[in-house]
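Here are the chains, one letter per residue:
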Amino acid sequence: MGALTRGRYICMTGLLLLVYCTVFVICKGAPGDPPPEAASVQGTLPHFIQEPEDAYIVKSNPIKLRCRALPALQIFFKCNGEWVHQNEHFSQEYKDLSTGLKVREVMINVSRQQVEDFHGPEDFWCLCVAWSHLGTSKSRKATVRIAYLRKNFEQDPQGKEVPINGMIVLHCRPPEGVPVAEVEWLKNQELLNPFTDDNIDTRADHNLIINEARLSDSGNYTCLASNVVAKRHSATAAVIVFVNGGWSLWTEWSACNVPCGRGVQKRSRTCTNPAPLNGGAFCEGMSVQKITCNALCPVNGGWDEWSEWTECSSQCRRQRGRDCSSPAPRHSGRMCDGNSEATENCTDGLCIQNQKLLHDVNPQSVDSSNDVALYSGLGAGIIAVVILVVAVMLYRKNHSEYGVDVIDPSALAGGFQSFNFKTTGQGNPLLLNSSIQPDLTVGRTYSTPLCFQDGTDKELFDPLPDIKIKVQSSFMVSLGLTERAAFNSKAPAETFPRDLSRDYCSTADKHKRGLLTLNGPISTGRKEVRTAGQYGHLGGRLVVPNTGVSLLVPHGAVAENTSMEMYMEINQGEASVQTDEDCEILLGPEVTYGPSDLDLYCPVAITIAHCAEVDGENWNIQLKRQTQDSKWEDVMSVEEESTSCYCQMDSKSCHLLLEQPGSYALVGEPLTQAAVKRLKVAVFGSMEMGSYIYSLRVYCVDDTPHAFQGVVVAEKTRGGQLLEEPKMLPFKANTFSLQVSIQDVPQFLWSIKPFTTCQEFSFPQVWRSNQQPLHCAFSLERYSPATAQLSCKISVRQVKGQEQILQVYTAVAETEKESVPFLLQQKDCTVTSETGPTAFKIPLSIRQKICATFDTAKAKGKDWQLLAQKLNLNRNLGYFAKQQSPSAVILSLWEARNQDTADLDSLASALEEIGKIHSKSSPKDHDESDSDFSHIEESSLCRTDRQTNHNAEDSLPEYVG
């Protein structure tokens, strides 16, 4: 019994030891044995959701390998055939919501040192082993390599020169690297995209192939190799696509160079079909051929012998004749000089009355008949002489006024002009080579712009040394300067004699004043701009936004307890102002204010912007008004004295005091060539949809806000973008044209059509644009869609005049295109109508007291005249004198001139000076004078100027007088 018990004890002890060892081994997790977890799972082998992927170690950064499987009780990594220690595993477990199975994810890190220390027949590798209660599963092998990229290319591309349409092949073998480097190509440091250009292929073993070379393919090419480690650039290969020159067709044979006998004929051709480019070969062969010619000499005609006399006729006459046939004229020879027929009395002068013989006539009747014939012949001779003298005087007068031929101005209708070349007329002192005989058969027309970029273009005109450009405008004819624009001419005189200023613009019908035609060459298509407001006794201001045009209705102009609607509008179409004197131009917009039955107690002040450099010696500026029958009449000259209206010319605006509503226009007549009209030049750009074309539009317009606003409106509708702030260009009345050229266009990025880099406006086009914009366009084509920037210069210059440069630098992508970002706007351009005190700079109470001080009879020395003098309004004082309150009208004009400055300092200083003058001139009346002027203090007006609301006058000190 004891032995049995002892045996059982030993057996139980051994069994417990076996169970303990088994549990110990399982808990320790020995590789190769399944885990001891007894959780019940469905019967399936582990399935890998994520297997380890191949990886590259960049520099010294370790990489991570991941495995994910379900259902899995345990997952271990095995690298290069050895188990990875359990402590190096990072694992987590979660349940798949869709299947309810446990998902286990394991990750390990592999360092650069581990990969470098491994030496085996293959690359460093790792895989995953996953356990479930049914068995194990293995993942794919993932290799781990150290990434690198050598610096030196195995083969760099080489530069080439290829003819146009030839094939370009650039070879490139990238540096050695792991992983293998990918190759891309750059042109001028911009990436090439072979998928957008069928002419380019980069698939053939890293090489670049351009099937048919184009001029745009010239550039610097670079091979770019890259992998996960770095990017390497090869050496740059310069590719030049050249064009060999080709001959144009032969011209027609020229006429024989001698009028008679043996001479020479020539014909020529040019190496322009195509012209050599980028180092291409010049044409081989002769550019000129000559042959001999025989010109038939002219044979002048000679008279035959006279024929016999005919028998005496009943009229006592007989005839004889001869022919011009000995020899007859041939080959442009002259006809015979003299008469081909002769007639004579066949009775030796005795047949003198009623075809009767002298002996058949009564002597007394013969005497009386002779007396009548004598007196009749004498009277007829005197009348003939008078008529001849009058005809000669009229003829000389007409020809002295014209001086040159008048050519049809319709040739200037286009923006790109055709110029008529004719030889100069004989005897005109204003033309060069006036002694040359006129040749009416010469007449050539050139349609290309007269801008020479180099000597090649200029040679086209060398065979015509005496041919002049006829400026096709009666304005230039009247100036006597028609030939001023001619090539090979001398510099024109700078000024005209003052006593001939009226002849400067004279015509044959100078004294018949008619209708002035001022039609611009390009119309913006805008309708009339109109603004209106309701005004009462307090007055107000009416503004046409962005036009430089405004109307001031003074306080008291409208009767008390009365309100009326007033309007102002600008003619946006073709100007209706007209006259026969073609030299007159419109200096500002046509302005109409009304209504026509307007009845005011004092004049209104109208401001109109103008474009003239005001100078009394160079300009004659007139104010015109439209009559009821739609004709225009002169109102006044700005230099003359008038009591019907007042005109004050500032540098950029004209201020008018008017009492009669209607349409008004400011018209200028240049007196000398030094007269200047200001031009505003601007450049706009836009990308044409769906193309590579970028359009630059250059505008030249009179320098007034209204004229430029038309350009802004037109460009806004077409999506144009203002590329540079507009600039002012002085344009002189010297008859020279305006040239617009484009410069510094990047040749490898953009192309422009030949012979379009310089365009020209004739002088009449620019001078008589009359508030309508002139514009020319440059079309640039980019070679690659990757070109997103454009930089160039636009030069606008008057021949023998001043120049303005517009710098263009803009993005050209279609997605970036916006509307015009710049609008020429006045201050508070959205406000069109203001009424009451807010419309005036001078508070009403101070205005009333200033008027009471200067208009009263007790004032010394006509003080309102001194006020006008101190405010620089001391001309045409007769107009102010006839007003009920001269001071009020002067202040209204001051308000119009200073509407944008909001500065009362000048008015305050003037009042202070007037007070000092009166104090010195009347010492004995010093106290009285002080009472008149001391209450209008400079400090009061300055403080008023700084107020921000219409109640500012409440804070002013009260008058002390």
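Structural notes, computed from the coordinates. This one's a predicted model, so the numbers in the text were calculated from it and none came from an experiment.

Summing up its helical and strand segments, the protein chain has 14 helices and 53 strands in all. Put simply, the protein chain has 961 residues, and 42% of those count as buried. Counted over contacts in the protein chain with a minimum sequence separation of 6, partners at least 24 positions apart contribute 70%. For the protein chain, the accessible area works out to roughly 51500 Å², and carbon and sulfur atoms hold 51% of it.

With that out of the way, let us pick up helix H6 (residues 705-717). If you check H6, its first and last C-alpha atoms are 19 Å apart, about what 13 residues at 1.5 Å a residue would give, namely 18 Å. The complete set of buried residues in H6 reads His706, Ala707, Phe708, Gln709, Gly710, Val711, Val712 and Glu715. Along its buried surface, H6 packs onto strand E34 (564-570), strand E43 (676-687) and strand E44 (693-702). Positive backbone phi, approximately 75°, marks glycine 719, located one or two places after H6.

Our next topic: helix H11 (residues 886-897). Because an α-helix packs 3.6 residues into every turn, residues spaced three or four apart end up facing the same way. With 12 residues, H11 extends 17 Å from end C-alpha to end C-alpha; this agrees with the ideal 16 Å at 1.5 Å per step. With 11 of its 12 residues buried, H11 lies for the most part within the structure. Residues of H11 that are buried: Pro886, Ser887, Ala888, Val889, Ile890, Leu891, Ser892, Leu893, Trp894, Glu895 and Ala896.

Inspection of the secondary structure assignment puts histidine 119 in the loop between helix H2 (112-117) and strand E8 (124-132). Spatially, the C-alpha atoms of histidine 119 and asparagine 80 are 10.0 Å apart, while their sequence positions differ by 39 residues.

What follows covers the sheet that holds strand E49 (residues 758-761). Within the open sheet, the four strands sit side by side as E49-E47-E51-E52. Their pairing is antiparallel. Strands at the two margins of the open sheet, each flanked by one partner only, are E49 and strand E52 (803-811). Each adjacent strand pair in this sheet contributes to an overall mean axis angle of 20°, direction not counted. Pairing of strand E51 (residues 789-798) with E52, which is carried by nine bridges, proceeds in the antiparallel orientation.

Further remarks concern the pattern of salt bridges. Taken as a whole and judged by the stated rule, the model has 21 salt bridges. Three or more residues are tied together by salt bridges with common partners; here these are Arg66, Arg68 and Glu105.

Here we take up a nonpolar patch on the surface. On the surface, Leu378, Ile382, Val386, Val390 and Leu394 cluster together into a nonpolar patch covering about 460 Å² of accessible area. Relative to the elements of secondary structure, valine 386 occurs in helix H3 (residues 363-402). Residue classification places valine 386 among the partly exposed residues on the basis of a relative accessible area of 48%.

It is worth spelling out the nonpolar core at this point. Residues Tyr593, Leu696 and Ile794 are the most contacted members of the largest nonpolar core, which totals 70 residues. Within the second largest apolar cluster, 31 residues are counted, among which are Tyr646, Leu891, Leu893 and Trp894.

Together, Asp615, Glu617, Glu639 and Glu640 give the surface a local cluster of negative charge. Mapped onto the fold, glutamate 639 is located in the loop between strand E39 (632-637) and strand E40 (646-649). By relative accessible area, glutamate 639 is classed as exposed at 55%.

If you walk through the whole model with that rule in mind, you get eight disulfides. Sulfur-sulfur distance for the disulfide between cysteine 312 and cysteine 346 comes to 1.6 Å. Here cysteine 312 is found in the loop between strand E23 (288-295) and strand E24 (317-321), whereas its partner cysteine 346 is found in the loop between strand E25 (341-345) and strand E26 (351-353), with 34 residues between them in sequence. We classify cysteine 312 as partly exposed; its relative accessible area is 42%. Of all cysteine sulfurs, the one in cysteine 647 lies closest to cysteine 645, which takes part in no disulfide; the gap is 7.4 Å. With a relative accessible area of 2%, cysteine 645 lands in the buried category.

Take the sheet that holds strand E18 (residues 208-210) next. The antiparallel open sheet is built from three strands, whose spatial order is E13-E18-E17. The open sheet is flanked by strand E13 (168-170) and strand E17 (200-201), the only strands paired with a single partner. Where E17 lies against E18, two bridges are found, and the strand directions are antiparallel. Residue pairing for E18: isoleucine 200 is matched across the bridge by isoleucine 210.

With that out of the way, let us pick up the pairing of strand E10 (residues 142-146). Pairing of strand E2 (residues 55-57) with E10, which is carried by three bridges, proceeds in the parallel orientation. What sits directly across from alanine 55, in E10, is valine 144. Sheet topology places E8 next to E10; three bridges connect them, and they run antiparallel. Bridge pairing in E10 places tryptophan 125 opposite threonine 143.

With their axes 8 Å apart at the nearest point, helix H8 (residues 844-855) and H11 run at an angle of 135° to one another. The angle between H8 and H11 falls in the class oblique. Here H8 runs over H11; the crossing is right-handed. Where H8 approaches H11, its residues Arg847, Ile850, Cys851, Phe854 and Asp855 are matched on the opposing element by Pro886, Ser887, Ala888, Leu891 and Ser892. Its residues placed into classes, the contact of H8 with H11 shows six nonpolar, two polar and two charged.

This brings us to the packing of aromatic side chains. On inspection of all chains with the given rule, the structure shows 15 aromatic pairs. Measuring from centroid to centroid gives 5.6 Å for phenylalanine 76 and tryptophan 131, while their planes differ by 80°, and the two rings are edge-to-face. Of this pair, phenylalanine 76 sits in strand E4 (residues 74-79) while tryptophan 131 sits in strand E8, placing them 55 residues apart in sequence. Like tryptophan 131, phenylalanine 76 is buried. Here the aromatic cluster, defined as three or more aromatic residues joined through ring pairs, consists of Trp619, Phe731, Phe763 and Trp767.

Okay, unusual backbone geometry next. In this model, valine 178 is joined to proline 179 through a cis peptide bond whose omega is -5°. Put simply, serine 326 and proline 327 share a cis peptide bond, and its omega is -5°. In this structure, proline 327 sits in the loop between E24 and E25. Notably, lysine 59 is not glycine yet its phi reads approximately 55°, a positive angle. Here lysine 59 shows up in the loop between E2 and strand E3 (63-70). In this structure, asparagine 80 is a non-glycine residue whose phi angle is positive, near 55°. Positionally, asparagine 80 belongs in the loop between E4 and strand E5 (82-83).

This part covers the environment of asparagine 618. Following the sequence through the fold, asparagine 618 ends up in the loop between strand E37 (604-609) and strand E38 (619-626). Note: C-alpha distance between asparagine 618 and alanine 733 (115 residues apart in sequence) is 9.7 Å. If we ignore the near neighbours within four places in the chain, the residues touching asparagine 618 are Glu669, Pro670, Leu671, Thr672, Ala674 and Ala675. Among the polar contacts made by the side chain of asparagine 618, one reaches the side chain of threonine 672 at a distance of 2.7 Å.

Rules used in this analysis
Residues numbered from 1 in each chain as written. Predicted model: local features only at pLDDT ≥ 70, side-chain atom pairs only at ≥ 80, totals over all residues. Heavy atoms only, no water. Helix = DSSP H or I, 4+ residues; strand = E, 2+ residues; numbered from the N terminus. Buried < 20%, exposed > 50% of the residue type's maximum accessible area, 1.4 Å probe, protein only. Contact = heavy atoms within 4.5 Å. Areas by Shrake-Rupley, 256 points an atom, 1.4 Å probe, with all protein chains shown as cover. Expected span 1.5 Å × (residues − 1). Pairing = 2+ DSSP bridges. Axes fitted to C-alpha atoms, helices over the stretch in contact; angles between N-to-C directions. Salt bridge = Lys/Arg side-chain N within 4 Å of Asp/Glu carboxyl O. Patch = residues over 30% accessible without salt bridge, like charges linked within 9 Å, V, L, I, M, F, W, Y side chains within 5 Å. Core = buried A, V, L, I, M, F, W, Y, C linked by side-chain atoms within 4.5 Å. Lys, Arg positive; Asp, Glu negative; His and termini not counted. Charge placed at Lys NZ, Arg CZ, Asp CG, Glu CD. Disulfide = S-S within 2.5 Å. Parallel < 35°, antiparallel > 145°, perpendicular 65-115°, else oblique. Left-handed = near helix turned anticlockwise from the far one by under 90°. Nonpolar A, V, L, I, M, F, W, Y, C, P; charged D, E, K, R; others polar. Phe/Tyr/Trp six-rings, centres within 6.5 Å; stacked < 30°, edge-to-face > 60°. Polar contact = N/O pair within 3.5 Å; in protein donor to acceptor, adjacent residues only side chain to side chain.

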